[in-house]
Amino acid sequence: MKIATFNINGIKARIGALTDWIVEQQPDVAILQEIKSVDEGFPREIFEDKGYNVETHGQKGFNGVAILSKLPLEDVTRGLPGAEGAGREGADDDEARYIEATVVGKKAIRICGLYLPNGNPAPGPKYDYKLRWMQRLHDRAQELLAAEEPALMAGDYNIIPQTEDAARPEAWRDDALFRLESRDAFRRIQNLGLTEAFRVCEAGSGHYSFWDYQAGAWNKNDGIRIDHFLLTPQCADLLNNCWIESEVRGRDKPSDHVPVWVDLAA
DNA sequence: ATGCCGTATAAGATACGA
């Protein structure tokens, strides 16, 4: 089963490039972030016509996540548990950043799609929100691990895990994506017992999933690796491969992110 | 580079991103 995570930076702007990619690559599951659309505005028929089941968790203008799957999606939940002031104005669940569903192939896999807050400027209230969000993700990961079943958490983590995951790490030193407190929080989630799929398959520097639109970042390979798959042990046992489809960044009307893939024996 | 580009909202600037 081939599963991709892809921050598309707006479904309206990306509909052409995204459908071309879907038709070409035929992912079994595509986990999307930054759809920047309400659920009713997402062009689900386009993907349904191509054989996909579609589940979205959107909002007006910003954020928004979705899962497309050739196999049925079961037990869909929207939102990350544990929000402070849930349901009230300005609460931690105001932003549409998280969706879960189970995909049943040869094995059942719990798929968690996430768009972790950027957190800049750091320090500050946006950074505090990022850290709270990561604590909630930690708690949800703990529950998934306790179930001892195949599950993965995939998406735009807005975290550069290590120095080798940025072309110019010194430029990111105090940024919310790379500062020590952010990397610590990511490591705490991993240390519960999750496998970061890409680093099982590829060592070394120069592998990125995001390049800024500005200053010719793509042409200089001035990128960062911030889109990740974390796998429970039962899911890691199924891992055949993990790779980044960086070529997509050089196409017409690209997102600033590219797809990251896992192939699972499931 | 407290904004070099891009997206969304909405009708001209402004918010946001990483």
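These figures come from a predicted structure and were not determined experimentally. (Residues numbered from 1 in each chain as written. Chains lettered and ligands numbered in written order. Predicted model: local features only at pLDDT ≥ 70, side-chain atom pairs only at ≥ 80, totals over all residues. Heavy atoms only, no water.)

*Asks:* Explain the nonpolar core to me, please; I cannot follow it from the model alone.
*Replies:* What tends to happen in soluble globular proteins is that the nonpolar side chains get buried as a cluster. Within the largest apolar cluster, 50 residues are counted, with the highest numbers of intra-cluster contacts made by I3, L32, L152 and L264. Among all residues touching I3, those that are not within four sequence positions of it are V29, I31, I111, L152, F229, V260, W261, V262 and L264. (Core = buried A, V, L, I, M, F, W, Y, C linked by side-chain atoms within 4.5 Å. Buried < 20%, exposed > 50% of the residue type's maximum accessible area, 1.4 Å probe, protein only. Contact = heavy atoms within 4.5 Å.)

*Asks:* I keep staring at the protein's contact with DNA strand B and nothing clicks. Help me out?
*Replies:* Taken together, 27 residues form the shell around DNA strand B, and within it E34, N118, Q214, A215 and I224 come nearest. When atoms of DNA strand B within 4 Å of the protein are split into backbone and base, the sugar-phosphate part holds 77%. Between DNA strand B and G61, the relevant distance is 3.3 Å, taken from a phosphate oxygen to a main-chain nitrogen or oxygen of the residue. The backbone of A215 places a nitrogen or oxygen atom 3.2 Å from a base oxygen of DNA strand B. Class assignment for the residues of the surface near DNA strand B results in nine nonpolar, nine polar and nine charged. (Near = heavy atom within 4 Å. Polar contact = N/O pair within 3.5 Å; in protein donor to acceptor, adjacent residues only side chain to side chain. Nonpolar A, V, L, I, M, F, W, Y, C, P; charged D, E, K, R; others polar.)

*Asks:* Would you mind showing me how to read helix α4 (residues 180–190) here?
*Replies:* An α-helical segment advances 3.6 residues per turn. Residues three or four places apart therefore align on the same side. Along α4, the positions that sit buried rather than exposed are S182, R183, A185, F186, I189 and Q190. Axial view of α4: buried residues confined to an arc of 155°, hence all on one face. (Helix = DSSP H or I, 4+ residues; strand = E, 2+ residues; numbered from the N terminus. Arc of directions from axis to C-beta.)

*Asks:* Just checking my understanding: could you explain the UniProt feature "binding site: Mg(2+)" (unreviewed entry) in chain A for this structure?
*Replies:* On the UniProt side, "binding site: Mg(2+)" (unreviewed entry) is annotated at positions that read N7, E34, D156, N158, D256 and H257 here. For this annotated set, covering 251 residues, all C-alpha atoms fall within 12.9 Å of each other, a compact arrangement in space. Looking at where N7 falls in the secondary structure, it is placed in strand β1 (residues 2–7). One can find D156 in strand β8 (residues 151–156). Apart from the residues lying within four places of it in its own chain, the contact partners of D156 are N7, Q33, L114, Y115, L116, I226, D227 and H257. (UniProt positions renumbered as here; feature names shortened; annotations may be inferred.)

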